[in-house]
Amino acid sequence: MKKPNLRKVHKFSPVFALLLILFCACPSKSSREITELLNQYSSSVTKQQAREFRGCFESGYRDAFFEPGAAQEAIGQALAGPYAPSLEFKERKVSAAGGRATVSQEYDLQWLEGGKARSDRGREELELRRTDSGWRIVSGSMVYQILAGRDREVEAISAVLEQRIRALADKDPGRFTELVDPEYHFHDKDFHKVIADLEGNFRDYERIELRLDRPRITLFSGRADVVEGYELKVRYQGNDKEFHDTEKLEFRKTGSGWKISKGL
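In this report, we go over the structure that sits alongside the text.

**Re the overall build of the protein**
Then, in step 1: Summing up its helical and strand segments, the protein has seven helices and 11 strands in all.
Then, in step 2: Of all 264 residues assigned to the protein, the portion counted as buried reaches 35%.
Then, in step 3: Sequence-distant contacts in the protein: of pairs separated by 6 or more residues, those separated by 24 or more amount to 57%.
Then, in step 4: A total accessible area of about 16,300 Å² is found for the protein, and carbon and sulfur atoms account for 50% of it.

**A short note on unusual backbone geometry**
Then, in step 1: Phi at aspartate 188 is positive, roughly 60°, even though this residue is not glycine.
Then, in step 2: Relative to the helices and strands, aspartate 188 resides in the loop between β5 (185–186) and β6 (189–190).
Then, in step 3: Aspartate 188 gets classed as exposed once you look at its relative accessible area, which sits at 75%.

**Remarks on the nonpolar core**
Then, in step 1: With 58 residues, the main nonpolar core has Tyr41, Phe53, Leu109, Leu128, Ile137, Val143 and Phe251 as its most contacted residues.
Then, in step 2: For this core, the element with the highest residue contribution is helix α5 (residues 150–170), accounting for seven residues.
Then, in step 3: Contacts of isoleucine 137, omitting those with residues within four sequence positions, involve Leu37, Tyr41, Cys56, Phe57, Glu58, Tyr61, Leu126, Glu127 and Leu128.

**Considering the packing of aromatic side chains**
Then, in step 1: Summed over the entire model, instances satisfying the criterion amount to 10 aromatic pairs.
Then, in step 2: Arranged with centres 4.8 Å apart and planes meeting at 85°, the rings of phenylalanine 65 and phenylalanine 66 form a pair that is edge-to-face. The two residues phenylalanine 65 and phenylalanine 66 agree in class, both being buried.

**Re the pairing of strand β10 (residues 239–254)**
Then, in step 1: Two elements, strand β9 (residues 223–236) and β10, share 14 bridges in a ladder whose sense is antiparallel. Considered in β10, the bridge of glutamate 231 is made with histidine 244.
Then, in step 2: Hairpin connection between β9 and β10: a loop of two residues separates the two successive antiparallel strands, and glutamine 237 in this loop has a positive phi of roughly 50°.
Then, in step 3: Both β10 and strand β11 (residues 257–262) contribute to a ladder of five bridges, which runs antiparallel. Following the sheet pairing, threonine 254 is matched in β11 by glycine 257.
Then, in step 4: Counting the residues in the hairpin turn of β10 and β11 gives two residues.

**Some details on the sheet that holds strand β4 (residues 134–139)**
Then, in step 1: Ordered in space as β1-β2-β3-β4, the four strands form an open sheet in which the pairing is antiparallel. Taken across any chain shown, the strands that pair with only one partner, and hence form the sheet edges, are β1 (86–97) and β4. Across the sheet, the mean angle from the axis of one strand to that of its neighbour is 30°, orientation sign disregarded.
Then, in step 2: Packing of α5 onto the sheet brings it into contact with β2 (100–113) and β3 (116–131), and relative to β3 it is tilted by some 120°.

**A word on the pattern of salt bridges**
Once the charged atoms of two side chains with opposite charge are near each other, the side chains can pair.
Then, in step 1: Following the criterion strictly, the structure yields 28 salt bridges and no others.
Then, in step 2: Between aspartate 240 and arginine 207 there is a salt bridge, with the nearest N and O atoms lying 3.8 Å from each other. With a gap of 33 residues between them, aspartate 240 in strand β10 and arginine 207 in strand β7 (residues 205–212) connect regions that are remote in the sequence.
Then, in step 3: Connected via shared salt-bridge partners are Arg207, Glu209, Arg211, Glu231, Lys233, Arg235 and Asp240.

**Regarding α5**
Then, in step 1: An ideal rise of 1.5 Å per residue puts 30 Å on 21 residues; α5 measures up with 31 Å between its terminal C-alpha atoms.
Then, in step 2: Taken residue by residue, α5 has Arg150, Asp151, Glu153, Val154, Ile157, Val160, Leu161, Arg164, Ile165, Ala167 and Leu168 as its buried positions.
Then, in step 3: Looking one or two residues past α5, lysine 171 carries a phi angle of roughly 50°, positive in sign.

**Quick notes on the pairing of β3**
For a regular strand, side chains alternate in direction, first toward one face of the sheet and then toward the other.
Then, in step 1: Sheet topology note: the β2/β3 ladder contains 14 bridges and is antiparallel. Note that in β3 the partner of tryptophan 111 across the bridge is arginine 118.
Then, in step 2: Between β2 and β3, which follow one another and run antiparallel, lie two residues, and glycine 114 among them has a positive phi close to 60°.
Then, in step 3: In this structure, β3 lies alongside β4, joined through five bridges in antiparallel fashion. Residue pairing for β4: threonine 131 is matched across the bridge by glycine 134.
Then, in step 4: Following β3, the chain reverses through two residues before pairing antiparallel with β4.

Cut-offs applied
Residues numbered from 1 in each chain as written. Predicted model: local features only at pLDDT ≥ 70, side-chain atom pairs only at ≥ 80, totals over all residues. Heavy atoms only, no water. Helix = DSSP H or I, 4+ residues; strand = E, 2+ residues; numbered from the N terminus. Buried < 20%, exposed > 50% of the residue type's maximum accessible area, 1.4 Å probe, protein only. Contact = heavy atoms within 4.5 Å. Areas by Shrake-Rupley, 256 points an atom, 1.4 Å probe, with all protein chains shown as cover. Core = buried A, V, L, I, M, F, W, Y, C linked by side-chain atoms within 4.5 Å. Phe/Tyr/Trp six-rings, centres within 6.5 Å; stacked < 30°, edge-to-face > 60°. Pairing = 2+ DSSP bridges. Axes fitted to C-alpha atoms, helices over the stretch in contact; angles between N-to-C directions. Salt bridge = Lys/Arg side-chain N within 4 Å of Asp/Glu carboxyl O. Expected span 1.5 Å × (residues − 1).

Shown next as structure tokens:
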């Protein structure tokens, strides 16, 4: 009896073999091109090459907060200073499918602005798209937003939060009023109701002390979300009470600066 042949010989046609090679090469090519884009994204900042930095982004790139014209001008100024910024990325994860890709990475950006050393560390979630000119960033760049002036906006919002603390401690309704958006409307409470309630609290409480954790500030078009933990201490009819919680405020950028528009 003839023994069965346990070794099977697979014959591939030349066309099939070529398709297999091309199929295997495509992911590596995309990966290589994305890596090249991300290297340019990083090196253009440290080498102060504003044009190369802008070239990493799709022509229609829109930041969540900054208008394109103002952002490009600010980025050019940020990269034209006498001292080059330092930018490092770590814990990068890239996922690509078809003509789209996502990049999740931690960034560490340090730079000098107005004679003051600044630094920002965090995580950004980039969205990439393959265009006729190659892979480009289409959304999610925190580095773009920081170079465009994010810190100035964050500092302005933080200043409003500090002014609120002082207004409460001094029981100063006039100062507090200046911090609230005249168009405030939240949970059926408008600007006038907020101020009326505040004045009532100033009459009822003998002492108001507010402490805030470091706020998490996210900028959007014309507004900002602020999330922070707080500790509130009050004295009412000789008794001290203490509250701990988290609050979420919304700010609106008006002609006279940032104002609290929701959440009080």
